[in-house]
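Topology and contacts: notes
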Amino acid sequence: MPDKVQEKRTAWRSGKRGIQKAVLFVIVLLFASSFALPIVLTMTNSFMKEEEVVMDYGNVYGTYEEAAGGYVSKEVNLKFIPDKVSLRQYETVLLLSPEYLLKFWNSVILSVPIVAFQIVVSLGAAYSFTRFRSRRREGVFFLYTLLMMMPFQVSLVPNYLVAARLGILNTYWAIILPGIFSTFSTFLLTKFMRRIPVSVIEAARLDGAGEWSIFTKICVPLCKNAMVSVAMLLFIDYWNMVEQPLIMLSDKEAYPLSVYLSTINTGEISLAFAVAVLYMIPTILVILYGEDYLVDGISCYGGIR
Amino acid sequence: MSKYRYMWMGMLAVIVLWLGGCGSKRIEFEEFPGKNYAAIALPLDGMEMKEEIAHLYSGDEEIFFDTLMMGKEPEEGNSRFHFYQYSWMNQRPEELPISLDSGEGVVKLTGIDSKELALLLQREEEYTIATYDTNGTCLFRKSVTEFVNQLDNTIVSFKMDQEHRFYCIGVNRIFIFDETGEMVHSLETDGVFGDCFKGEDGKIYVEDFDGKTTAVYEITLDKQSRKKYADPVGEEEEWNKSRIGNCVESVRWDYIQMTQEALIGVNLRQRKAKCLLNWQDTGVNPEKLGGGFCEISENAYAAICYDEAGERSTQLLLICPVAEEGDLEEESKVVITMAGLQIPSFLKDAAYRFNQTSAEYKVEFKDYQGDASKLNAALMQGGMVDLLCMEGLSKEHYLKQGSLCDLNTFLANSTVIKKDDLQEIVYQMLTDEQGRLYSWTPGFVIEAVMGDRETVGEQQASLEAIQQMQSGLDEGMELYYGMDTVTMFRNLMQANLQHFITPDGSHCSFQKDDFFRLLQLAETFGTVSDEDEELSMPQKVQNGQVVYVGETISDFLDIMFYDRMFGGKPAFPGYPAYDNPGNFFSCYGMETAIVEQSEHKEGAWAYLEYLTSKEYLMQYCRMSFFPVRKDCIDEYINIMSATQPYVDSLGIQHPAYHGVAGYDDYEVELGALTQGQISEFRTLLDHLYMPPQLEAEAWDVITEETGRYFAKEISKEQCAKNLEERMALYLEE
Amino acid sequence: MKKRMEKSSFLAGSFAGVLIFYILPFGYLIYYSFVDRPVGGSFAGWNNYIELLHNQAFLTALKNTILFAAVSVPLAVTLSLVMAVVLEKNIPGRSLFRTIFLSPLMVPSASVMLVWQVLFYYNGTINRFFLKLGHGKIDFMNSGYGLLVVLLIFLWKNLGYYMIIYMAALNEVPRELLEAATIDGGSDAQKFWYIKLPYLSPSILFVCLMAIIGSFKIFKEVYLLAGAHPSASLYLLQHFMNNTFLAFDYQKLATAAVLLSIGLTIVVTALLWLEGRLGRDLEG
């Protein structure tokens, strides 16, 4: 094709491309803003004064005027910008009522060990599923996949009974131990490990390395991406868990923050937004930190078996 | 975003450390000590019989001082005050010759080392500070009215420190006076201040309860400020909710605080708190210790306690450790666990007393406070629960799963109570169609709807008649006193549940006219006006402004009162219902069952027996509910209808009965129980009905759907349809 | 022998834990589904299963759950794929958008539910908007629209995550193939269907699995939105399980859970088999 025609064609194409891009951009922008809406709302509302929160949202919970000590409007207003910006909510939560801080620490004590040890345990299992293939093992892997899919109600009460038998009820172990052995990370890490080219492993074996050294020197370092992304997902999951602590722990002061948040929503809605924002901050930071790992890490989950 | 990865990580680390650091400032709570406390009632010879004890003060030095206390005798609209020093050596109160000016009332008593009393006196609007020594000499007296009134305040609490400075805690100000009575300071505060006390370091602290949390402020004179400490007891929300009374001085701690479970000692600066004793082990119900509390020495406390009727504080208790041998007995007792969603205090009190009298068994509580899933999990664990308090739980559910034990065998073999001893109506209400007895209660009350016999007739009016009456009402008249739409509907629903839900609880049908009629009837009631009523309910009844009154009848005094209110001719027709069930029978929250799988059924039964023994019911259930025993009811009738002094079967002498009862401002003398009233009571008992217990969630569904109808958001057909759908799901589960 | 031990030792720790904390409880569950009462029961044979299959509440719940899964999973899978493809094009602010789409994942359900409730409440924002338009108010919770609301929430929460999975997989497609296709004059659509899609098929399976898990997890939001006894359109299997536990009827719960597990097993097996077939065919 003559060059000129080629150029024209390309030029016309890129022009069309430009419009296409702009249209797409607008669509995506709209979409994204509707996604971000609830979060932005929560954040801006956290700067409201307590009375305003009650006034605007009280009707949803059937809060009565006398109980709320103020005016509750019949219609529920969704406000983006508070009438009066005030840090009162934060002040109350952070400085005046120490419950929040104690519960925060409880949440950390629960989530971090679960995430850390689950990954450790799963690495071993993933390695074994990768390296040693047999029908039996595939069956076990299938079992793991199934266990991963069960909703928690299925196992909640039996876990309680098992914990009672083991005598660890009302301690954090009753939540941490089942968490450590959850099969979710095993599934993800196995998928990842199976992508490691067999040739690398074979080469190491020919060099005379034993299983353990292959594991520690080759597989684990290669999985760093996946480990971080798995850790992120797990952390978010366990940071938000509510039912397990509720039933396993009877000490009110041992509850993690997620439980506190759910009770506050039915009790004092005035603090709900501030607590929610403070509660979101660790998860936001974790995501921002690990976002790239997430993308890199999961690229391989869909990988070939 | 990835460029800032380290920044995010850093922020996260900082936040975690900071928050975690704050969190680690958590209070060290030391656990309960060993169980070796007892509460001993102290002899009070020397104090007047009619006197109520108020205020205790025992000094705050290491040395054991005699306790200052004050007796208050009501006298013709005023009170007379007597001051005593309780001598621990002689075990008796010794009166101090202190006399006050006439008309002066004591707001607060405090002292220095219990050698010198300081009093804050009030006569109408005038406040005076006065100090006396134990010989009765007035050392100092100064009026501080001008300062207080200047800022329109009321004094809530009062303290004197070693340098004779006086601290008056007002509602939003703290006044500090020096030893000459001149005001040194007045600190403005923005809280609602509570009591003040002297801390371990000699400084004065003030507690401030703003309705939600308590903080403790240290008052610093030189800096003219107050320094705030978060109150450790208040930090744990649960403790905060269960606080009783104010902070009290202590020798070893900054202060001690009573809560519903324990006595807690707090050190503010070291952020330490220790549970000093567990109320369950002392056998004292802490809610009865409202009159005053003080620490006498290490491990020993004096407390002012309400008398048995719970009306006046006339008992002084000494709470102190007992000898070690008691421990061994305690340890070997079999533990019976009672679990429930909301265990009433009558059962808890009875358990304290049962623990003290029983040699083999000890009852402990697990109050789950509304969390039914934890209760069920504990039941499934097996071996954890022996007694189940049924308040808030659906008996049918547990029956279906075979978790409740039939008590007929226990009843047959019991020496304390037999089936014939029970009032028939009780046995009827608690047994099912096959005659099995699955729960037990020490008493019952009646939720009745009453009216004047001439106006409303003996029989229960039908729904149409009620509707006609409602529409034919004159201005200013009320058909049912104090009923608005929501409450009326709830009552109507309760009276008619079996009309809509089959007895076995498997089907429901709401889409019928009967339901619509209930809705319409309830709608006509509108809302209750909030204005202050000039006339009280009884006055309205007597004026003829109110036709029906729905109230709880819990003892004979109520019967006498309502009988008098309706001019001696009351009728008890109950709520209008299709099947005419009558008035409601209620176990007042005390219905308890024994768990079938429990291993300590005899112990559980022993406790239930104790609850319904004649001695216990005669002593403790007076004025709270009707006892289930026939002989107790007969005795009460005898006592209350006695026109001459009467000795009951337990040998206690009762004077001629003269009842006094009131409702709001309306008070009336009732005399003794008459035969007519007794027969009214008996007929009332004949026609009772126990409404089926729906769980709170089911009521929530009903309230929600009908609420939307009453708010005119949906039509009544829609409401019925929604309700039927949701209730069907509920019942199917 | 040593080889055997070595092989097993890696798995041993994990498997022991899984045995105690997952398989053993599942065994309890099976046990409870065969007895007639939660404590001290006796063997009841297949009674529980038969009763359950006749139980209206269970059937309603089952129908709703399956309906919801059948609608939401395909929708989630395809929508997020579309979003991933769109975001592939070099639009400005790509990574910011990526973060925004990922953000619903980190938000706790409890706090955001307040916002959703406000939106869909009977007197809430959307209904007020409808009123302004002249349309009548819609009772979201009680009419059939309930599941629609839940679907919206589900998509909002999970699309971002699935989209990222696809984006990552799309990155893996070898450049050379795409360039070759461009030279041969292939359109975008053709490139997508014949080149990218095969590489995506394992991811699609993965997203399906995650979406199924997600459609169960959404119960928490429904519970916060409509309470424990919602109207029949919102009544999910977990509501049934929750409420039967509160009514101390554990056998029903256990039976339902066992049936659920059997159903899930069938679905997962089918998915894996399907992926095996398709993947093999297209991969060659």
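The present account deals with the structure reproduced in this document. (Residues numbered from 1 in each chain as written. Chains lettered and ligands numbered in written order. Predicted model: local features only at pLDDT ≥ 70, side-chain atom pairs only at ≥ 80, totals over all residues.)

A few words on the overall build of chain B. Secondary structure assignment for chain B yields 23 helices and 40 strands. Across the 733 residues in chain B, those meeting the buried criterion constitute 41%. The contacts of chain B with a sequence gap of at least 6 include a subset with a gap of at least 24, amounting to 61%. (Helix = DSSP H or I, 4+ residues; strand = E, 2+ residues; numbered from the N terminus. Buried ≥ 20, exposed ≤ 12 C-beta atoms within 10 Å, placed from the backbone. Contact = placed C-beta atoms within 7 Å.)

For chain A, the count of helices and strands is 15 helices and zero strands. For chain A, buried positions account for 49% of its 305 residues. Of all intrachain contacts in chain A linking residues separated by at least 6 positions in sequence, the fraction that spans at least 24 positions is 75%.

Non-glycine residue Asn170 of chain A carries a positive phi angle of around 70°. C-beta crowding within 10 Å serves as the criterion here: with 14 such atoms nearby, Asn170 of chain A is assigned to the partly exposed category. You will see that Phe248 of chain C, though not glycine, has its phi angle at about 60°, which is positive. For Phe248 of chain C, the position within the fold is in the loop between α11 (237-246) and α12 (250-283).

Before going further, it helps to spend a moment on the nonpolar core. Ranked by size, the top nonpolar core spans 279 residues in total, and within it Tyr607 of chain B together with Tyr162 and Met163 of chain C carry the most contacts. Beyond its immediate chain neighbours, meaning those up to four positions away, Tyr162 of chain C contacts Ala76, Ser80, Val207, Met210 and Ala211 of chain C. (Core = buried A, V, L, I, M, F, W, Y, C linked by C-beta atoms within 7 Å.)

Here the focus is the interface of chain C and chain A. Across the contact, 72 residues belong to chain C and 69 residues belong to chain A. The leading source of residues in the side of chain C that touches chain A is helix α1 (residues 2-33) of chain C, at 15 residues. Here the residues of the side of chain C that touches chain A sort into 50 nonpolar, 17 polar and five charged. (Nonpolar A, V, L, I, M, F, W, Y, C, P; charged D, E, K, R; others polar.)

What follows covers the packing of helix α3 (residues 56-88) of chain C against helix α7 (residues 146-172) of chain C. Two packed helices can be described by the angle between their axes and the distance between those axes. Residues and elements named next belong to chain C. Between α3 and α7, whose axes approach to 7 Å, the crossing angle comes to 45°. If you check the angle between α3 and α7, you find them oblique. Crossing angle aside, the handedness with which α3 passes α7 is right-handed. On the side of α3, the interface is formed by Phe68, Val71, Ser72, Leu75, Ala76, Leu79, Ser80, Leu81, Met83, Ala84, Leu87 and Glu88, while α7 contributes Leu147, Val150, Leu151, Phe154, Leu155, Asn158, Leu159, Tyr162, Met163, Tyr166, Met167 and Leu170. The residue inventory of the contact of α3 with α7, partitioned by class, reads 20 nonpolar, three polar and one charged. (Axes fitted to C-alpha atoms, helices over the stretch in contact; angles between N-to-C directions. Parallel < 35°, antiparallel > 145°, perpendicular 65-115°, else oblique. Left-handed = near helix turned anticlockwise from the far one by under 90°.)

This paragraph deals with the sheet that holds strand β23 (residues 292-297) of chain B. Strand pairing in a sheet relies on backbone hydrogen bonds. The paired strands run either parallel or antiparallel. Residues and elements named next belong to chain B. Spatially, β2-β25-β24-β23 is the arrangement adopted by the four strands of the open sheet, whose pairing is antiparallel. Where the open sheet ends on each side, the last strands, each with one partner, are β2 (37-41) and β23. Looking at each pair of strands side by side, their axes are set apart by 25° on average, direction ignored. Where β2 and strand β25 (residues 313-321) come together, five bridges link them in antiparallel fashion. Across the sheet, residue Ala38 finds its bridge partner in β25, namely Cys320. (Pairing = 2+ DSSP bridges.)

Every contact between the two is made by 26 residues of chain C and, on the other side, 24 residues of chain B. Breaking the side of chain C that touches chain B down by element, the ones donating at least two residues are α3, α4 (94-102) and α11 of chain C. Broken down by element, the side of chain C that touches chain B gets its largest block of residues, five residues, from α11 of chain C. Grouping the constituent residues of the side of chain C that touches chain B by class yields 13 nonpolar, 11 polar and two charged.

All right, on to the environment of Gly71 of chain B then. Position of Gly71 of chain B among the secondary structure elements: in strand β4 (residues 67-75). What makes Gly71 of chain B buried here is the crowd of 23 C-beta atoms within 10 Å.

Residues and elements named next belong to chain B. Ordered in space as β27-β26-β28-β34, the four strands form an open sheet in which the pairing is mixed. Two strands bound the open sheet, and with one partner strand each, they are β27 (361-367) and β34 (592-594). Across the sheet, the mean angle separating the axes of adjacent strands is 25° when strand polarity is ignored. Direction of pairing for strand β26 (residues 334-340) relative to strand β28 (residues 387-389): parallel, over a ladder of three bridges. The partner of Ala339 across the bridge, within β28, is Leu388. Helix-sheet contacts for helix α7 (residues 345-357) involve β27, β28 and β34, and the interaxial angle to β27 is about 155°.

Residues and elements named next belong to chain B. Within β26, five of the seven residues are buried, which leaves it mostly tucked inside the rest of the structure. Pairing between β26 and β27: seven bridges, direction parallel. If you follow Ala339 over to β27, its bridge partner there is Lys366. Crossover β26 to β27 through α7 is right-handed. (Right-handed = clockwise from strand over helix to strand, strands pointing away.)

Our next topic: helix α9 (residues 188-217) of chain C. Taking 1.5 Å of rise per residue, the 30 residues of α9 of chain C would be expected to cover 44 Å, yet its terminal C-alpha atoms sit only 36 Å apart, more than 12% below that figure. The largest bend in α9 of chain C amounts to roughly 55° and is located at Leu197 of chain C, with the proline Pro198 of chain C lying one to four residues further along. (Expected span 1.5 Å × (residues − 1). Bend = angle between axes of the 7 residues up to and from the residue.)

Our focus in this paragraph is the packing of α4 of chain C against α7 of chain C. Residues and elements named next belong to chain C. Packing of α4 against α7 leaves a shortest axis separation of 7 Å and a crossing angle of 130°. On the basis of their axis angle, the class for α4 and α7 is oblique. On α7, the residues touching Arg98, Phe101 and Leu102 of α4 are Leu159, Gly160, Tyr161, Met163 and Ile164. Along the lines of polarity and charge, the residues of the contact of α4 with α7 split into six nonpolar, one polar and one charged.

Turning our eyes to something else, we now look at the environment of Gln20 of chain A. Within the secondary structure layout, Gln20 of chain A lies in helix α1 (residues 3-45). Remark: the alpha-carbon pair of Gln20 of chain A and Tyr255 of chain A, spanning 235 residues in sequence, is separated by 52 Å.

All names here are of chain C. Take Leu170: it is sitting in helix α7. A residue is classified by how many C-beta atoms lie within 10 Å of it, and Leu170, with 19 of them, is partly exposed. In this structure, the C-alpha to C-alpha distance between Leu170 and Trp273, residues 103 residues apart in sequence, is 23 Å.

Moving on: helix α14 (residues 485-500) of chain B. Residue and element names in this part refer to chain B. Between its first and last C-alpha atoms α14 spans 20 Å; for 16 residues at 1.5 Å apiece the expected length is 22 Å, and the helix comes up short by more than 12%. Restricting attention to buried positions, one finds in α14 the residues Thr485, Met488, Phe489, Asn491, Leu492, Met493, Ala495, Asn496 and Phe500. Contacts from the buried residues of α14 go to β30 (478-480), α15 (513-523), β31 (546-553) and α22 (696-710).

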